Number of protein chains: 2
Amino acid sequence: MTEARQQSTSAFVHRGSGTTLWRQIAAQLEQAVRRGDYKPGDQLPTEKALAEEFRVNRHTVRQAMNALSKTGLVSIEQGRGMFVVDSALDYALGPRTRFSDNLQSRQKRPGRELLSADQRHAEADIARALAIPAGALVWEIRTLNRANDRIVGLSTHYVAVSRFPEFADAFRRTLSITAALAACGLNDYKRKTTRITARLAPTEDARQLGIGRNRPVLQTETVNIDENGRPVEFGRARFVADHVTLTIDHGS
Amino acid sequence: MTEARQQSTSAFVHRGSGTTLWRQIAAQLEQAVRRGDYKPGDQLPTEKALAEEFRVNRHTVRQAMNALSKTGLVSIEQGRGMFVVDSALDYALGPRTRFSDNLQSRQKRPGRELLSADQRHAEADIARALAIPAGALVWEIRTLNRANDRIVGLSTHYVAVSRFPEFADAFRRTLSITAALAACGLNDYKRKTTRITARLAPTEDARQLGIGRNRPVLQTETVNIDENGRPVEFGRARFVADHVTLTIDHGS
DNA sequence: CTTTATTTGTCCGTATGTATT
DNA sequence: GAATACATACGGACAAATAAA
């Protein structure tokens, strides 16, 4: 959106060159995107700005943009603007998928920032998921999760203090649920159930995720169990819906 | 509705705290519902009772309740009272789950309304999912889905015309994907993959779902395959996020 | 909550060049 | 060549959706 970037894309169209104006515009914008002048998720200049830049009518720009949106290169949202489509992060949901595995297998660099690690008294729903008495002490670990430096979600993990008294310290050192549980003597666990809902981002989440208050978030609630089937961890994650697709491979 | 339960919810609002009174009330009642103090179908205290409990004017309670009814958490019925709306529909995602099974196993009455059944040329993504050439003819079946008369979602199904020429007729008669495929000679199929995203309802979907344009929808894309692993059906469903929770049981 | 500004969507009309019949 | 249809390009006005104040 800087003028420098605008000028770097040779914003010239040639009338009577055999190619229609809107095709020339579409081709130049596509090139600009592929060259990286506009990165995934970036907002493109407005129709008005592009029309002035290319010295054409707004309708001509619209024709070019409609063509680009049909190929899936850009998305057009009324009232918001035009954006370079952002290939959403595929986040696999399976019995044995881990956060870091999920990203590394897709050549994304995972990043986890510890927001808080406190003891709390379990609410009814968390106690039920962990099969412990309501009000029992649990560790509440909140993290901010990134993929290639882009914020993709917030996670809150609950683990019973009585069973894993050193969990918070272990997580602080390792920043990994798997490693922290291992440090507490649990070598294997797997997902039992996952519940998925969507909602508009609560104000506090929106702030931390760096998104608008009226952008949707995908919320997952997972229960992890040990080899004896006993619940060991309850996790509630909120993903930026615009950046994440949950995928399930039903297998065999 | 017992007084004991009322008192267990800390019924305090703070004036001049930056948050409006009605938002505080709405938040506390929402928490009480999510915590299970009021269960689906329960009648909430009357406006008068809530106003006394929170020490605010009745109109302030009304504003809070109107907000909650807009989100679909409670329903307000003149002359009767205010009620917690039926629990969000749990929709199970598994290799062999069917729409009607899903609902009947939960004592919900499924309803399906055929919106359209046309032949179209497959877009790139649909063609890829069905493993057919782009542009090949497919049936596009669009339905509106209800549970106990409440609209829960919209579905769009795609099936190759070349392989199932009579599919649309069969679906018109049976209103069932399973039955229609059976009528075309396919006796068994199962889900291969599911992709889940969330977004704000597109205008047209919002109209048909009877929700606001800025309510979130959960979108699932599923590929169903036959016993030889060949894709037979591609489905894209949009659920009213406020009324539906997707659940996965990772099994064994 | 309402109001205001921004941005895209739709519709009206006009004109021009290029194929097709 | 004449008539027709179609795509392109421009200009303007208003509607609809969004976001911020």
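Residues numbered from 1 in each chain as written. Chains lettered and ligands numbered in written order. Predicted model: local features only at pLDDT ≥ 70, side-chain atom pairs only at ≥ 80, totals over all residues. Heavy atoms only, no water.

1. Digging into helix H7 (residues 167–174) of chain A
Residue and element names in this part refer to chain A. Going by this rule: Partly exposed residues are those whose accessible area sits between 20% and 50% of the maximum for their type, while under 20% is buried and over 50% is exposed, using a 1.4 Å probe and protein chains only. By the criteria applied, helices consist of DSSP H or I runs no shorter than four residues and strands consist of E runs no shorter than two, each listed in order from the N terminus. The arc in question is formed by the directions pointing from the helix axis toward the C-beta atoms. Here, two residues are considered to be in contact whenever any of their heavy atoms come within 4.5 Å of each other.
Every buried residue of H7 is listed here: Phe167, Ala168, Ala170 and Phe171. The buried residues of H7 occupy an angular sector of 160° when projected down its axis, which confines them to one face. For H7, the elements touching its buried residues are strand S4 (110–121), strand S5 (137–147), strand S6 (150–160) and helix H8 (177–183).

2. So, the sheet that holds strand S7 (residues 190–200) of chain A
Remark on secondary structure: sheet strands pair via backbone hydrogen bonds, oriented parallel or antiparallel. Put simply, the test is: Pairing between strands requires that DSSP locate at least two bridges from one strand to the other. Here an angle of 0 to 180 degrees is reported between the N-to-C directions of two axes, which are lines fitted to C-alpha atoms, with helices fitted over the stretch in contact.
Strand order across the open sheet formed by eight strands is S4(A)-S5(A)-S6(A)-S9(A)-S8(A)-S7(A)-S10(B)-S3(B), with mixed pairing between neighbours. Where the open sheet ends on each side, the last strands, each with one partner, are S4 of chain A together with strand S3 (89–92) of chain B. The sheet shows a mean angle of 20° between the axes of neighbouring strands, taken without regard to direction. Both S6(A) and strand S9 (residues 231–240) of chain A contribute to a ladder of six bridges, which runs antiparallel. Opposite Tyr158(A), over in S9(A), you have Phe234(A) as the bridge partner. Contacts between H7(A) and the sheet are confined to S4, S5 and S6 of chain A, with S5(A) contributing the most and set at about 15° to the helix.

3. Some points on the protein's contact with DNA strand C
This is how the line gets drawn: Any residue with a non-hydrogen atom lying within 4 Å of a molecule or strand is treated as near it. Within 3.5 Å is the distance limit for a polar contact, defined as a pair of N or O atoms, with the added protein rule that one can donate a hydrogen and the other accept it, and that residues adjacent in sequence qualify only through two side-chain atoms. Throughout, the ten residues Ala, Val, Leu, Ile, Met, Phe, Trp, Tyr, Cys and Pro are labelled nonpolar, Asp, Glu, Lys and Arg are labelled charged, and all others, Gly among them, are labelled polar.
Taken together, the neighbourhood of DNA strand C is formed by Thr46(A), Glu47(A), Arg58(A), His59(A), Arg62(A), Ile76(A), Glu77(A), Gln78(A), Gly79(A), Gly81(A), Met82(A) and Gln63(B). If you look at DNA strand C and keep only atoms within 4 Å of the protein, 62% of those are sugar or phosphate atoms. Within the contact set of DNA strand C, a phosphate oxygen lies 2.9 Å away from a backbone nitrogen or oxygen of Glu47(A). Within the side chain of Arg62(A), an N or O atom sits 2.9 Å from a phosphate oxygen of DNA strand C. Breaking the surface near DNA strand C down by element, the ones donating at least two residues are helix H4 (58–71), strand S1 (74–77) and strand S2 (81–84) of chain A. Per-element tally for the surface near DNA strand C: the top contributor is H4(A), with three residues. Taken together, the residues of the surface near DNA strand C sort by class into two nonpolar, six polar and four charged.

4. A few points about unusual backbone geometry
For Arg55(A), which is not a glycine, the phi torsion comes out positive at approximately 60°. The topology assignment puts Arg55(A) in the loop between helix H3 (47–54) and H4. Although it is not a glycine, Ala131(B) adopts a positive phi angle of roughly 55°. With respect to the helices and strands, Ala131(B) occurs in the loop between helix H6 (124–130) and strand S5 (137–147).

5. Quick notes on the packing of helix H2 (residues 21–35) of chain A against H4(A)
Residue and element names in this part refer to chain A. Filter applied, for reference: By the definition adopted for this analysis, an angle is roughly parallel if under 35 degrees, roughly antiparallel if over 145, roughly perpendicular if from 65 to 115, and oblique otherwise. Crossing handedness is read from the near helix: turned anticlockwise from the far helix by less than a right angle, it gives a left-handed crossing, and turned clockwise, a right-handed one.
Direction vectors running N to C along H2 and H4 enclose 55°, while the axes themselves pass 8 Å from each other. Classed by the angle they form, the pair H2 and H4 counts as oblique. Note that H2 runs across H4; the crossing there is right-handed. In this structure, H2 uses Leu21, Trp22, Ile25, Ala26, Leu29 and Glu30 to contact H4, whose residues at the interface are Thr60, Gln63, Ala64, Met65, Ala67 and Leu68. Of the residues assigned to the contact of H2 with H4, the class counts are nine nonpolar, two polar and one charged.

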